[in-house]
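An overview of the molecular structure
Residues per chain, in single letters:
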Amino acid sequence: MFDGINLPETITVALDPRVVWIALVIFGILYAILTAILVWHWNTFSYSKQTFIRASRIYYIVSAILIVVAVLSATYFTL
Amino acid sequence: MIRLRDNEQVLLVVRKHWFVFVAEAFFLVFLLLLPLLAWFAFQLLPTNSLVTFDGHFGALMMVITSMWLLFLWVFFFIIWTDYYLDVLVVTNQQIIDVEQKGLFSREISNFRLDRIQDVTAEMDGIIQTFFKFGTLEIQTAGDDRNFLIFGIPKPFEVKHFISVQHDAAIERLRTVSLSASTLAELRDEMHGSSDEQIRS
């Protein structure tokens, strides 16, 4: 006789930290490729060297901050 | 980089109005808020009592948010690059229109100032009138296509400047043709006088 399905009260989701690191590495590679394309454009077509330097500086600083935050968070998640 | 001819001088460089860039990049603000909305959704929805996460959920969200922000940051710079590389250059000889279409498409058109037949400037709507930008249409002689350039700041002033440079180019052409005809006359006169000298 069928007496119903016993569903658990809560579902626990677990994520392997390696998945996070793999995702981070793949994203990092794509990010590096896009950055290289952007910098190549600025270097090749830019009308002013000063604007190119200023723009790339802002781009690199913010990128570095975000990458550091991502890596630290991933490390914290792994621990 | 734009290569100029000999004795060519850049007189005016016009980039699209900043409003065009802001309008293109504005949707990124909403995308920027997406992780925050997702975070609130997780907190408010009753999923907390049904699904539990094994591990530090905050750290995982931070990793995802950082990657999302990095993605938006690259996207923002792609839009900026597209905006920055679009330029209209007026020299004393020609007009050069550089159109960057995304990262892998670029179009450079140029035409001589004396080939211009008509320049039309247009401001359409409240936003364009308020922020002083509009469309510039340049019609050229012959089979050359017309040039439509959107988002030009102060289009009426640019139109006036191009008209003045067009008149100057036409004037230069006239001067050159006059000089050529004068030279021909001088040459004829010289030949005539030398013939007379030979006869005498």
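Residues numbered from 1 in each chain as written. Chains lettered and ligands numbered in written order. Predicted model: local features only at pLDDT ≥ 70, side-chain atom pairs only at ≥ 80, totals over all residues.

Contacts between chain B and chain A engage 24 residues on the former and 27 residues on the latter. Taken together, the elements giving at least two residues each to the side of chain B that touches chain A come down to β2 (51–54) and α5 (57–85) of chain B. Here the element with the most residues in the side of chain B that touches chain A is α5(B); it accounts for 14 residues. In the side of chain B that touches chain A, the residues fall into 18 nonpolar, five polar and one charged. (Contact = placed C-beta atoms within 7 Å. Helix = DSSP H or I, 4+ residues; strand = E, 2+ residues; numbered from the N terminus. Nonpolar A, V, L, I, M, F, W, Y, C, P; charged D, E, K, R; others polar.)

One finds Val14(B), Leu88(B), Leu136(B), Ile138(B), Ile149(B), Ile152(B) and Val158(B) to be the most contacted residues of the largest nonpolar core, which totals 16 residues. Mapped by element, the contributors of at least two residues to this core are α5, β3 (87–91), β7 (133–140), β8 (147–153) and α7 (155–199) of chain B. When sequence neighbours within four positions are dropped, the list of residues in contact with Ile152(B) reads Val14(B), Lys16(B), Leu88(B), Phe133(B), Gly134(B), Thr135(B), Leu136(B) and Val158(B). Counting residues in hydrophobic clusters, the runner-up holds 10 residues, among them Ala70(A), Phe77(A), Val63(B) and Phe77(B). (Core = buried A, V, L, I, M, F, W, Y, C linked by C-beta atoms within 7 Å. Buried ≥ 20, exposed ≤ 12 C-beta atoms within 10 Å, placed from the backbone.)

It is worth spelling out the domain arrangement of chain B at this point. Residue and element names in this part refer to chain B. Each domain of chain B was delimited in the assignment, giving domain 1 (10–16 + 88–196) and domain 2 (20–83). Placing the centre of domain 1 and that of domain 2 at their C-alpha centroids yields a distance of 47 Å. Across the boundary between the two partners, domain 1 contributes five residues, which contact five residues of domain 2. Looking at the side of domain 1 that touches domain 2 residue by residue, the classes come out as one nonpolar, three polar and one charged. (Domains from an automatic or database assignment.)

Residues and elements named next belong to chain B. Where strand β4 (residues 94–100) and strand β5 (residues 106–112) come together, seven bridges link them in antiparallel fashion. From the neighbouring strand, Gln100 faces β5, where its bridge partner is Arg106. As consecutive antiparallel partners, β4 and β5 are separated by five residues, and within that stretch Gly102 has a phi angle of approximately 75°, a positive value. (Pairing = 2+ DSSP bridges.)

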